[in-house]
Structure formats: C-alpha cells, structure tokens
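# Structure at a glance
The residues making up each chain are set out below.
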Amino acid sequence: VEEDVGGDAEVNLEDNFIEAESSSNPIEAYKLIIDLEQSNATTYKWSFKSYEKLCQIYIKNKNFLETQKCLNKLFDLYSKIEEVDKVDTIRNLTFVLTDTKDMNFEEQVFREMLMLLKDKEIERAYLDTGIQWAKILFKSNKYNELKVILPELLKYLNKLKVYCYF
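Residues numbered from 1 in each chain as written. Predicted model: local features only at pLDDT ≥ 70, side-chain atom pairs only at ≥ 80, totals over all residues. Heavy atoms only, no water.

### Notes on the overall build of the chain
- If you tally the helices and strands in the chain, you get nine helices and zero strands.
- Each helix and strand of the chain, ordered N terminal to C terminal, gives the series α-α-α-α-α-α-α-α-α.
- Seen along its three principal axes, the alpha-carbon backbone of the chain occupies a region of about 55 × 35 × 25 Å.
- A separation of at least 24 residues holds for 57% of the contacts in the chain among residues at least 6 apart in sequence.
- Here the chain displays about 9800 Å² of accessible surface, and carbon together with sulfur accounts for 50% of that area.
- A gap of 10 Å separates the mean positions of the 23 positive and 30 negative side-chain charges of the chain. (Helix = DSSP H or I, 4+ residues; strand = E, 2+ residues; numbered from the N terminus. Contact = heavy atoms within 4.5 Å. Areas by Shrake-Rupley, 256 points an atom, 1.4 Å probe, with all protein chains shown as cover. Lys, Arg positive; Asp, Glu negative; His and termini not counted. Charge placed at Lys NZ, Arg CZ, Asp CG, Glu CD.)

### Some words on the packing of helix H7 (residues 103-119) against helix H9 (residues 143-159)
- Between H7 and H9, whose axes approach to 14 Å, the crossing angle comes to 25 degrees. In terms of their interaxial angle, H7 and H9 are classed as roughly parallel. Crossing geometry of H7 relative to H9 is assigned as left-handed. Residues Glu107, Arg111, Leu114 and Lys118 of H7 lie in contact with H9, whose contacting residues are Glu145, Ile149, Glu152 and Tyr156. (Axes fitted to C-alpha atoms, helices over the stretch in contact; angles between N-to-C directions. Parallel < 35°, antiparallel > 145°, perpendicular 65-115°, else oblique. Left-handed = near helix turned anticlockwise from the far one by under 90°.)

### Section: the environment of Pro26
- As for its placement among the helices and strands, Pro26 is situated in helix H2 (residues 26-40).
- For Pro26, a relative accessible area of 24% translates into the label partly exposed.
- For the pair Pro26 and Ser50, spaced 24 residues apart in sequence, the C-alpha to C-alpha distance is 9.7 Å.
- If near-sequence neighbours (up to four positions away) are discounted, Pro26 is found in contact with Ala20 and Ile57. (Buried < 20%, exposed > 50% of the residue type's maximum accessible area, 1.4 Å probe, protein only.)

### Observations concerning the environment of Trp133
- For Trp133, the position within the fold is in helix H8 (residues 123-139).
- With 13 residues separating them along the chain, Trp133 and Leu146 place their C-alpha atoms 8.8 Å apart.

### Describing the packing of aromatic side chains
- Going through the model one piece at a time under the given rule, you end up with seven aromatic pairs.
- Here a set of aromatic residues connected by ring pairs shows up, and it is made of Phe17, Tyr30 and Trp46.
- A cation over a ring is seen here: Lys80 above Tyr44, with NZ or CZ 5.1 Å from the ring centre. (Phe/Tyr/Trp six-rings, centres within 6.5 Å; stacked < 30°, edge-to-face > 60°. Lys NZ or Arg CZ within 6 Å of the ring centre and 35° of its normal.)

### Some words on the pattern of salt bridges
- Tallying each qualifying case throughout the model produces twelve salt bridges.
- The partner of Lys118 in a salt bridge is Glu152, with the nearest N and O atoms 2.8 Å apart. Of this pair, Lys118 sits in helix H7 while Glu152 sits in helix H9, and the two are 34 residues apart along the sequence.
- Relative accessible area serves as the criterion here: at 37%, Lys118 is assigned to the partly exposed category.
- A salt bridge links Glu152 to Lys155, with the shortest nitrogen-to-oxygen separation between them at 3.8 Å. (Salt bridge = Lys/Arg side-chain N within 4 Å of Asp/Glu carboxyl O.)

Next up, the structure:
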C-alpha cells in the first residue's frame, strides 16, 4: 500500500481499498487504510468502508469481540458519511450475518447492532436492522421474541413517519 504524500489522497485511498480485498492479509490492509485516512484526509469515507469490510470479515469468522469493536467504530462514523456511501451498509452486514447459518451468533450480533444504533441515535438504520431481525425471528418461528421487538419497530415507524399501506 502506497502513501500518497503530495497528490490526491482520496484516489490513493480508493486504490488501496480496491487492492485490500485481494490482499493476502485484508484485515491489515483495511486497518492501514483507516490509519492513512485519519492522518491524511478530511473525510472518513474510506475508513467507514474499511470498517464495514472488517465487520464482514469478523462476522464470517464468527469473531464476536472483534465484530463488536468494529461495529462500534463503524457506527461512530455513520453521521459523518454521505448517504450514498452508507446506503447499503445495513443490508450488506445482515446478508453476511445470515449467511453464517448460526442462529446464536446472528442473535448476538443483531442485538449488539440494535443496541449500538439505538444508543447512537441512528434511527433509520436501527429501523432497517430491526426489520431484518424481525424477518429472521418470524421465519424461525420465534414469536415470543418477535412480540418484544415489534412494538419498538412500530414506535420508530411512527417517529420517522414511515407508513405502510396494506
């Protein structure tokens, strides 16, 4: 990974991000991007994208502690990122999470995501994550747990003025 000293740091970070996925050690490559951006750039776009990729790696490896740390850092940057750069984040994370086929791990991570999103007042992402979790609970016939989350989701639907017509 090259550090662009006098040129366009944004382009260099983007190139590094693209190369990180095929790196022999993607975790270190994404961490380096985060370090480079924090010391050289005025935005957090590539750090955010790198944290998202790190979360996906940790989820695939079923490493809850690293997932937890990474989600916290990812959601700390959420308000500093343009909508276009974060629009698919929740969908991407839930896709990787449900692909683990480990309901206990899924539940642990979904609960952590919901707690962090609620604490950081990221309401729309909280609602999206909650809906994904509710769908999983419904498909798994976990109706008692579903009864707990549905009133909370309805509260957020009303708060965000999201209306459903049937």
